Amino acid sequence: MTGDTKLGFNIKTNKDQPLLVFNERGIYCPQADLYIDAWKPVNRCIITHGHSDHSKFGHKYYLTHHFNVPIIRHRLGNIAVKGIEWGEVFTVNGVQFSLHPAGHVIGSSQVRVEYKGEVWVFTGDYKLQDDGVCQPWEPVKCHALITECTFGLPAFNWRPQQEVMQDINSWWADNKTEEKTSVIFAYSLGKAQRILKHLNVDQGKIYTHGAIEKMTEVLRSIVDFPPTELITRDTKKQDLLGNIVIAPPSAHGSSWIRKMVPFETASASGWMAFRGARRRRAVDRGFVLSDHCDWQALLKAIKSSGAEKVICTHGYTDIFSKYLRSIGLDARTEKTQYEGELLEVEKVEV
Amino acid sequence: MKAFAALIKQLDTTNKTTVKVRALAEYFRSASDTDKVWTIALLSHRRPSRPVNTTLLRAYAAELAQIDLWLFEDSYHIVGDLAETIALVVPQTAEKEKERSLTDYLNDMIWLKKEEDSVKKEYLQREWSILPYYERFVFTKLLTGGFRIGVSQKLMTRSLSMATEIEEDILAYKLMGNWKPQSISFQELVLDERSGDQDSKPYPFYLAYALEDELPALGTVDDWYAEHKWDGIRAQLIKRNGAIFIWTRGEELVTDRYPEFDRISTNIPDGTVFDGELLPMIDGKIGTFNDLQKRIGRRTVSKALLEKVPVILRAYDLLECEGDDLRADAFMERRIKLEAVVQRVDNPLIDISPLVEFEEWEDLEKVRAKARDMKSEGLMLKRKDAPYRIGRKKGDWWKWKLDPMCIDAVLTYAMRGHGRRSNLFTDYTFALWRENESGERELVTFAKAYSGLTDKEFRAVDKFIKSNTIERFGPVRSVVPELVFEIGFEAIAPSSRHKSGIATRFPRILRWRQDKKIEEANTLDDLKAMIIE
């Protein structure tokens, strides 16, 4: 851990520019001339994690946690990327940067930025619950916190992961009794491995869709996972019966899935807390499992950061920042192109 | 309550009809008799009246969740369902001491209605804190309204039939009418064979499908009757043992709302059941559906309204005559008896839907093309030798509606949908061009619509709305005018209640005109030109 910045410290607002600003390319640090999670191609970019809305193609130099290096290489090809440790400080034009675990997916970080005693933190995407797969979130003290609030409504309250995984395992067991294949939809980076890690392997074999198999293969060098088998053209329908298949949400309704009849489908996402989302998704079961903070976790994270100034990026930003103002924080929203868990629910096509 | 909540959860988590029917039948086999009666009541829209208004519900829930009311309201706009919002934001803080049945909870609600607000508050907050999430949701749903779990009365009847081995049609008949779940036993409602005391009971309506093929596919012209399809309220008018009963297709007993028929009660012979259409008849002409709308919701009808919008029954079938059930007879024969009875009534309050004469199928096409002049929605085709069937059945009755009128309009406002669409902006307001006093073109809203697009299109439009919002007004957003849609509707009429001066009937989206720019959308004058005097 770095940065023992004293709180209660008066924020020194730079007369010219805040430490981090939002421009049309991404979150920008003018003093260091460097971006975080830029959505348009830039020169130098710090990447919080490997989801496609945070790690875009086309930057000249990437800097990220070293666990995230194989992930974005897998997604973006041969890019110029440097991996660093959590807590490792690097200085650019007097600005000190460091990465701290965000607990969202493997290799996900919060970015701490310090200049002349003023500390800003960008959370990236994060959750407080320890999912047993990625490095758990750690609180970082700061003056200004830029936070996501994908699930920033009091209607979102996650149950403990253990209970949800029990539900998933018993759903699988029930389907097995009925001699059906269980198909669970989960985003290929993060949710898929989180589920995989906690499936009860005594119940049967775990099959994967190609997208999930490849990403999991990349992550096996970092975390141990139960064995999986890739579904190929040679996989027989009978082999799948009673077993479980992990597939990306985009496979829902595809001919690839239809060949597996008889099967039951499930979706694992924070959105499954809403009946409407469950039904729109047209899956047989919805499990409420998210890699983002719920309402209480967001509030806890903000409180433990000690920040007086909070900027809400993506999610229910208007409502959440209004609430923060009502409890006395200096909160506002900024428009970004991050999508939160949207891409786990449904691919939006225009 | 636990078993009922588990049932609702099962029904809600599957899209498969067979699974739903199986789950319901299983419940009907295992639940207590009073719980069964209440379940039948709830699934056929016979819930006890709301014991607590939603304003109070919101306030009590927000207080228990320790959040400000505005935050509760904003959450509600996003969740899209009040009971679900309450269940989500309120934490379970204690365990229930003993399991209480569905019947217990419904009796609570009847009792609660008469209590003081402080008692209501204490009761609700206690139940919310001890019920686990899903039971809390179902409990609150019982307080607020419909379940929307895709269980029609028909599906419920089928399940009950599986559990009791009583024929579905017989059950449908038994379950109709004005029974009270708190005072009827399962034995009386479902199991007993009854003869008398059923004076008010209507017959299940026979419903037509939309015509699928070309007319000649129906066979020979001689086998068919054709009538206009009247745009009113489908209703059965019953006279038995001296009393009149009027039922609408939604199985609602509405006798009190149409007192004009009391005047001719003595003209109608006992043991008569007409099937027909309630129509507004103003100065000898059929009014618009908009006129009828003024009567529909009114439980008490003022003399002035009775004079302003008088209603008649245009009869097109006779289901019972001199106490005999005619439904098995051929339509042709029922029609002869119908004509005789209408003649005997001899009052303009009940007239007969005339047969359309035709020799060739082509003749009908000409009649249909002019249906709007007759204030009809199109034509009905009925097989002469067909019995009066139950529910929606193919083959003997077909409706052949006019193509909707349509106009290209611009999307200007959007609101989140409800239920399964609660996370998407799917309720839209559309506008047309008009010239204002200073001669500039401006958009004026004229209709709302929330159906007609595919899920994929809704997602795309939703994304457009979210990134092209101009202003937010609570749940409503004004949107950059850019998208053009073809809006279809059944009829139009002048209206002083609408900003545009026009009311459209059943507006819906026909298609997304991605090929059109907003400048190419229609004008309000184009719409006005469609009104038929």
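Everything numeric here is computed off the predicted structure, so don't read it as measured data.

Trainee: Report on the overall build of chain B, specifying residues and quantitative values.
Mentor: Counting its regular elements, chain B contains 18 helices and 22 strands. By the compact-globule yardstick of 24 Å for 533 residues, chain B fits well, its C-alpha radius of gyration being 26 Å. Each of the three principal axes of chain B carries a C-alpha extent, and together these read 75 × 70 × 50 Å. The buried share of chain B, taken over its 533 residues, is 53%.

Trainee: Just give me the short version of unusual backbone geometry, but keep the residues and values in it.
Mentor: Residue and element names in this part refer to chain A. Cis geometry marks the peptide bond from Val261 to Pro262, where omega comes out at 0 degrees. Checked against the element boundaries, Pro262 lands in the loop between helix H6 (255-258) and strand S16 (263-268). Even without being a glycine, Asp37 presents a positive backbone phi close to 45 degrees. Even without being a glycine, Asn93 presents a positive backbone phi close to 50 degrees. In this structure, Asn93 sits in the loop between strand S7 (90-92) and strand S8 (95-101). We classify Asn93 as exposed; its relative accessible area is 53%.

Trainee: I'd love a proper account of the domain arrangement of chain B, names of residues and values included.
Mentor: All names here are of chain B. By the assigned domains, chain B splits into domain 1 (2-144), domain 2 (206-401) and domain 3 (405-528). Distance between the C-alpha centres of domain 2 and domain 3: 34 Å. Of the residues lining the interface, seven residues belong to domain 2; the matching set on domain 3 comes to eight residues. Interface of domain 2 and domain 3: buried area, both sides summed, is about 590 Å²; carbon and sulfur atoms make up 45% of it. Sorting the residues of domain 2 by area buried against domain 3 places Phe289, Asn290 and Arg372 first, and these three jointly supply 58% of that buried surface. Between the two partners, domain 2 and domain 3, sit one salt bridge. Between Arg505 and Asp231 there is a salt bridge, with the nearest N and O atoms lying 2.6 Å from each other. For the pair domain 2 and domain 3, the number of links is one residue pair in polar contact (both at pLDDT 80 or more).

Trainee: Please provide a residue-by-residue account of the nonpolar core, values included.
Mentor: Counting 100 residues, the largest nonpolar core has Phe274 and Leu324 of chain A together with Ile40 and Phe139 of chain B as the members making the most contacts within it. Residues contacting Leu324 of chain A, with those up to four places away along its chain left out, are Leu299, Ile302, Val310, Cys312, Leu329 and Ala331 of chain A. The next biggest cluster of nonpolar side chains, apart from the first, holds 31 residues, and it includes Ile233, Leu318, Leu326 and Val342 of chain B.

Trainee: I'd like to hear about the domain arrangement of chain A, residue by residue, with values.
Mentor: All names here are of chain A. Under the domain assignment, chain A is made up of domain 1 (21-156 + 291-345) and domain 2 (161-287). Taken over C-alpha atoms, the centre of domain 1 sits 29 Å from the centre of domain 2. Residue-level contacts link 27 residues of domain 1 with 24 residues of domain 2. A combined buried area of about 2,300 Å² lies between domain 1 and domain 2, and 69% of that area is made up of carbon and sulfur atoms.

Trainee: I'd love a proper account of helix H8 (residues 117-130) of chain B, names of residues and values included.
Mentor: All names here are of chain B. Between its first and last C-alpha, H8 extends 20 Å over 14 residues, near the 20 Å set by a 1.5 Å rise per residue. Every buried residue of H8 is accounted for by Lys120, Tyr123, Leu124, Gln125, Glu127, Trp128, Ser129 and Ile130. Buried residues along H8 sit against helix H4 (54-65), helix H6 (82-89), helix H7 (102-112) and helix H9 (133-144).

Trainee: Got a sec to walk through the sheet that holds strand S13 (residues 397-401) of chain B? Specific residues and values, please.
Mentor: Residues and elements named next belong to chain B. Read from one edge of the open sheet, four strands run S2-S13-S11-S3, paired in mixed fashion. Each edge of the open sheet carries a strand with a single partner, namely strand S2 (209-210) and strand S3 (224-230). Strand direction decides the pairing type here: strand S11 (residues 376-383) and S13, joined by five bridges, are antiparallel. Bridged to Lys382 within S13 is Trp397. Contacting S3, S11 and S13, helix H16 (residues 361-369) crosses the sheet at an angle of about 155 degrees to S11.

Trainee: Describe the interface of chain B and chain A, naming the residues involved and giving the relevant values.
Mentor: Each partner contributes residues to the interface: chain B has 35 residues there, and chain A has 28 residues. Buried area between chain B and chain A, both sides added, is near 2,900 Å², and the carbon and sulfur share of it is 53%. Connecting chain B to chain A are one salt bridge. Notably, a salt bridge pairs Asp12 of chain B with Arg275 of chain A, separated by 2.8 Å at the nearest N-O pair. Taken together, the connections running from chain B to chain A amount to three residue pairs in polar contact (both at pLDDT 80 or more). Among the elements of the structure, helix H5 (69-79), H6, H9 and helix H17 (455-467) of chain B are those that each provide at least two residues to the side of chain B that touches chain A. If one sorts the elements of the side of chain B that touches chain A by residue count, H5 of chain B sits on top with six residues. Partitioning the side of chain B that touches chain A into residue classes produces 14 nonpolar, seven polar and 14 charged.

Trainee: Before we move on, could you go through the sheet that holds strand S6 (residues 81-84) of chain A and cite the residues and values that matter?
Mentor: Two orientations exist for strands paired in a sheet by backbone hydrogen bonds: parallel and antiparallel. All names here are of chain A. The sheet built from six strands is open, its strands ordered S1-S2-S3-S4-S5-S6 with mixed pairing. The strands lining the two open edges of the sheet, one partner per strand, are strand S1 (21-22) and S6. Across the sheet, helix H1 (residues 68-76) lies against strand S5 (61-65) and S6, angled at about 135 degrees from S5, the strand it touches most.

Trainee: Please provide a residue-by-residue account of the pairing of S16 of chain A, values included.
Mentor: Residue and element names in this part refer to chain A. Burial analysis of S16 places five of its six residues in the buried class, the great majority of the element. Bridge analysis of strand S12 (residues 181-185) against S16 gives five bridges, and the strand direction is parallel. Within the sheet, the bridge partner assigned to Ile184 lies in S16 and is Ala266. Across three bridges, S16 lies against strand S17 (residues 285-287) in parallel orientation. Residue pairing in the sheet places Ala268 in a bridge with Phe287 of S17. A crossover connection joins S16 to the parallel S17 through helix H7 (residues 275-281); in handedness this β-α-β unit is right-handed.

Trainee: Describe the pattern of salt bridges, and please don't skip the residues or the numbers.
Mentor: Residue and element names in this part refer to chain B. The full count for this structure, using the stated rule, is 46 salt bridges over all chains. With its nearest N and O atoms 3.3 Å apart, the salt bridge here joins Arg335 to Glu339. Here Arg335 pairs with Glu339, and both are found in helix H15 (residues 331-345), just four residues apart, close to one helical turn. Between Arg368 and Asp403 there is a salt bridge; the shortest N-O distance is 3.6 Å. Residue Arg368 is located in helix H16, and its partner Asp403 is located in the loop between S13 and strand S14 (405-416); the two are separated by 35 residues in the primary sequence. What makes Asp403 exposed here is its relative accessible area of 57%.

Trainee: Now, about empty space enclosed by the protein: what can you tell me, with residues and values included?
Mentor: Within this structure, the stated rule accounts for five cavities of 30 Å³ or more. Size it by volume and the largest cavity reaches roughly 90 Å³. Every residue along the wall of the largest cavity is listed here: Arg275, Arg278, Arg279, Ala282, Val283, Asp284, Arg285 and Gly286 of chain A together with Asp12, Thr13, Thr14 and Asn15 of chain B. Elements that contribute at least two residues to the lining of the largest cavity include exactly H7 and S17 of chain A. In terms of residues, the lining of the largest cavity owes the most to one element, H7 of chain A, which gives three residues. Across the lining of the largest cavity, the residue classes break down as two nonpolar, four polar and six charged.

Scoring rules and cut-offs
Residues numbered from 1 in each chain as written. Chains lettered and ligands numbered in written order. Predicted model: local features only at pLDDT ≥ 70, side-chain atom pairs only at ≥ 80, totals over all residues. Heavy atoms only, no water. Helix = DSSP H or I, 4+ residues; strand = E, 2+ residues; numbered from the N terminus. Rg over C-alpha atoms; globule rule 2.2 N^0.38 Å. Buried < 20%, exposed > 50% of the residue type's maximum accessible area, 1.4 Å probe, protein only. Domains from an automatic or database assignment. Contact = heavy atoms within 4.5 Å. Buried area = accessible area lost by both parts, 1.4 Å probe. Salt bridge = Lys/Arg side-chain N within 4 Å of Asp/Glu carboxyl O. Polar contact = N/O pair within 3.5 Å; in protein donor to acceptor, adjacent residues only side chain to side chain. Core = buried A, V, L, I, M, F, W, Y, C linked by side-chain atoms within 4.5 Å. Expected span 1.5 Å × (residues − 1). Pairing = 2+ DSSP bridges. Axes fitted to C-alpha atoms, helices over the stretch in contact; angles between N-to-C directions. Nonpolar A, V, L, I, M, F, W, Y, C, P; charged D, E, K, R; others polar. Right-handed = clockwise from strand over helix to strand, strands pointing away. 1 Å grid on protein atoms, 1.4 Å probe; cavity = no way out; pocket = protein on both sides within 12 Å on 5 of 7 lines; lining within 4 Å. Points joined across faces, edges and corners; volume = space filled by probe spheres on them.

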